[in-house]
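# A look at the structure
What follows is each chain in one-letter form.
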There are 2 protein chains.
Amino acid sequence: MLSYTEENYLKALLKLSFQNEERPEAGTNEMAAYLGVKPATATDMLKKLKEKNLVTYKKYGKILLTDIGRKNGIAILRKHRLWETFLYEKLDFSWDEVHEVAEQLEHIQSAKLVDKLEEFLNFPEFDPHGDPIPKANGDMPAIAKTLLSELNAGQNCKVAAVKDTSTLFLQYLEKLKITIGTRIKVLEVIAFDGSLNIQIENEEPRSVSMKFAESLFINQLP
Amino acid sequence: MLSYTEENYLKALLKLSFQNEERPEAGTNEMAAYLGVKPATATDMLKKLKEKNLVTYKKYGKILLTDIGRKNGIAILRKHRLWETFLYEKLDFSWDEVHEVAEQLEHIQSAKLVDKLEEFLNFPEFDPHGDPIPKANGDMPAIAKTLLSELNAGQNCKVAAVKDTSTLFLQYLEKLKITIGTRIKVLEVIAFDGSLNIQIENEEPRSVSMKFAESLFINQLP
DNA sequence: TAATAAAGTTAGATTAGTCTAACAAATATA
DNA sequence: TATATTTGTTAGACTAATCTAACTTTATTA
Ligand SMILES: [Mn+2]
Ligand SMILES: [Mn+2]
Ligand SMILES: [Mn+2]
Ligand SMILES: [Mn+2]
């Protein structure tokens, strides 16, 4: 049985491993920063996780999830994203409110609960932020990797997921009437500062910053 | 902010106070037994709860919730029973499975979540065991207090709530096709051992023990 | 009422998770 | 390569929640 805290460390390591998939290891400081604890604390926990065979790591070396560690991390992520979907779909939470509560709900221990919840939600593939929801067996749809900022003038796309999940960004998206699935056409790329002129669905054209365009994952349309 | 553990103590004290309403105080050992900890542990926690103005108590004296303590205890109980209802109504849990998971869910911190959940469930008055669900303001429907064992031959009633919520009893009730709201007619009271002959809805008459009859709260019918 | 039993408290220890401050190793840089 | 910087570890302390064992107070009963 894993503690609440151990679960958070495993999920953090998993998320960090997604951040650059070619080198899925993490460092102690990186991990500590991600979790909002001091490096000394992370080192201690690492020893415990290693003892339990959830990570491989040696002193001053990089941290890597074992298969068991990864499996557990994915289970937490699955719960997190299913709960976010529940809050969003069934309880009318907005997409900037779901994360905080799901951080708590993801630790509820009950295999039956997770699977029944998934069924109740009709086996959703993606959470409200467009992130893929792992299946009970650990399978997970591929993650969209193309950013809006990578498109050229004239190209069309659909919003796949948000890279930045901060409240500020999510609320800005709402204001712009952008949500997962929204169609966007790139009208012009401004070389000077990387900003874009875009058309959101059939709205009036408007300009967005490079920072904005680098925070949205999209799927290209023909 | 209350810790997970403090919340459990407050809910325990509240439940104990329901157990005899004329004298709503509890003792240290009673409380420890209820929570499955040692008396020494309960004493320590009591000091902390007193420090936080959640209980009144002095050394070797009885424990009583303050208004704040009571308010907090009721909030936990509200969450517990709403979650039980959710699990039962929406996720097809059986009534002997809901309690364990609700014990965890009741500690999720989010005012919005509780209220939205209540709305989603259509403002239920009672949980799957027939226990009243406190409203957001702390109001609570009256608790049924009459036991099946208090009826005489010829009287009719409806099952209001279960007094015993053990898996063994709940599963036995299922087998007998008894649930909250089921109509029962007392056909005969056996003076020898307090057992009853009863008719459940329109089923064949059958006999139940005194222990059984003392575990069901009912509302009398004319 | 005096002895016994029950109820409740205290002291001291343990475990999980965290911190600060000092130190050590690895990496980058001049 | 020598030094400086970054990264990571250790030692020692703290808090919350728990325990056991010994002790004290209150209640029961002979
Ligand atoms: Mn989230
Ligand atoms: Mn999400
Ligand atoms: Mn319950
Ligand atoms: Mn209940």
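See the structure above.
Residues numbered from 1 in each chain as written. Chains lettered and ligands numbered in written order. Predicted model: local features only at pLDDT ≥ 70, side-chain atom pairs only at ≥ 80, totals over all residues. Heavy atoms only, no water.

What follows concerns the interface of chain B and chain A. Contact residues are listed per partner, giving 20 residues for chain B and 20 residues for chain A. A combined buried area of about 1700 Å² lies between chain B and chain A, and 71% of that area is made up of carbon and sulfur atoms. Remark: the boundary between chain B and chain A carries two salt bridges. Between Lys 112 of chain A and Glu 97 of chain B there is a salt bridge, with its nearest N and O atoms 2.9 Å apart. Counting across the chain B and chain A interface gives four residue pairs in polar contact (both at pLDDT 80 or more). Residue assignment for the side of chain B that touches chain A shows that the elements contributing at least two residues are helix H4 (67-90), helix H5 (98-105) and helix H6 (111-120) of chain B. Broken down by element, the side of chain B that touches chain A gets its largest block of residues, five residues, from H6 of chain B. Split by residue class, the side of chain B that touches chain A holds 11 nonpolar, four polar and five charged. (Contact = heavy atoms within 4.5 Å. Buried area = accessible area lost by both parts, 1.4 Å probe. Salt bridge = Lys/Arg side-chain N within 4 Å of Asp/Glu carboxyl O. Polar contact = N/O pair within 3.5 Å; in protein donor to acceptor, adjacent residues only side chain to side chain. Helix = DSSP H or I, 4+ residues; strand = E, 2+ residues; numbered from the N terminus. Nonpolar A, V, L, I, M, F, W, Y, C, P; charged D, E, K, R; others polar.)

Before going further, it helps to spend a moment on the packing of H4 of chain B against H6 of chain B. All names here are of chain B. Relative to each other, H4 and H6 sit at 40°, their axes nearing to 10 Å. Between H4 and H6, the angle falls in the class oblique. Remark: the crossing between H4 and H6 carries left-handed chirality. Between H4 and H6, the residues in contact are Arg 78, Lys 79, Leu 82, Trp 83, Phe 86 and Lys 90 and Leu 113, Val 114, Asp 115, Leu 117, Glu 118 and Phe 120, respectively. (Axes fitted to C-alpha atoms, helices over the stretch in contact; angles between N-to-C directions. Parallel < 35°, antiparallel > 145°, perpendicular 65-115°, else oblique. Left-handed = near helix turned anticlockwise from the far one by under 90°.)

Moving on, we come to the packing of aromatic side chains. Counting across every chain of the model gives 11 aromatic pairs over all chains. Centre to centre, the rings of Tyr 172 of chain A and Phe 212 of chain A are 5.6 Å apart; their planes meet at 85°, and the pair counts as edge-to-face. Separated by 40 residues along the polypeptide, Tyr 172 of chain A in helix H7 (residues 167-175) and Phe 212 of chain A in helix H8 (residues 210-213) bring together distant segments of the chain. Classification of Phe 212 of chain A by relative accessible area gives buried; the value is 4%. Every member of this aromatic cluster is reached through a ring pair, and the members are Trp 83, Phe 86 and Phe 120 of chain A together with Trp 83, Phe 86 and Phe 120 of chain B. The ring of Phe 93 of chain B is capped by Lys 112 of chain A, whose NZ or CZ atom sits 5.0 Å from the centre of that ring. The ring of Phe 120 of chain B has Lys 90 of chain B sitting right over it, with the charged end atom 4.8 Å from the ring centre. (Phe/Tyr/Trp six-rings, centres within 6.5 Å; stacked < 30°, edge-to-face > 60°. Buried < 20%, exposed > 50% of the residue type's maximum accessible area, 1.4 Å probe, protein only. Lys NZ or Arg CZ within 6 Å of the ring centre and 35° of its normal.)

Surrounding DNA strand D, one finds 22 residues, the nearest of these being Lys 47 and Tyr 57 of chain A together with Ser 3, Thr 41 and Lys 48 of chain B. The sugar and phosphate moieties of DNA strand D supply 79% of its atoms located within 4 Å of the protein. For DNA strand D, a phosphate oxygen lies 3.1 Å from a polar atom in the side chain of Lys 59 of chain A. No other element matches helix H3 (residues 39-51) of chain B, which puts five residues into the surface near DNA strand D. The class makeup of the residues in the surface near DNA strand D is nine nonpolar, seven polar and six charged. (Near = heavy atom within 4 Å.)

All names here are of chain A. Coordination sphere of the manganese ion (ligand 1), protein contribution only: His 80 (NE2), Glu 84 (OE) and His 99 (ND1), at 1.8 to 2.1 Å. Counting residues between consecutive donors of the manganese ion (ligand 1) along the chain gives the motif H-x3-E-x14-H. Taking relative accessible area as the criterion, His 99 reaches 35% and is therefore assigned partly exposed. (Donors = N, O, S within 2.8 Å, 3.2 Å for Na, K, Ca; no water.)

A separate point is the relation of the copies chain B and chain A. Of the transformation placing chain B onto chain A, the axial shift is 0.0 Å and the rotation is 180°, giving an RMSD of 0.0 Å. Here the copies are linked by what is in effect a two-fold axis. Residue Leu 105 of chain B, judged by its C-alpha, is the member of chain B lying nearest the rotation axis, at 3.7 Å. (Least-squares fit on C-alpha atoms with pLDDT ≥ 70 in both.)

Close to DNA strand C lie 22 residues, the nearest being Ser 3, Thr 41 and Lys 48 of chain A together with Lys 47 and Tyr 57 of chain B. Each atom of DNA strand C within 4 Å of the protein belongs either to a base or to sugar and phosphate, the latter forming 80%. With respect to DNA strand C, the side chain of Tyr 9 of chain A contributes an N or O atom lying 3.3 Å from a phosphate oxygen. At the level of secondary structure, the elements contributing two or more residues to the surface near DNA strand C comprise helix H1 (4-19) and helix H3 (39-51) of chain A together with helix H2 (28-35) and H3 of chain B. Ranked by the residues each element gives to the surface near DNA strand C, the list is headed by H3 of chain A, at five residues. The class makeup of the residues in the surface near DNA strand C is nine nonpolar, seven polar and six charged.

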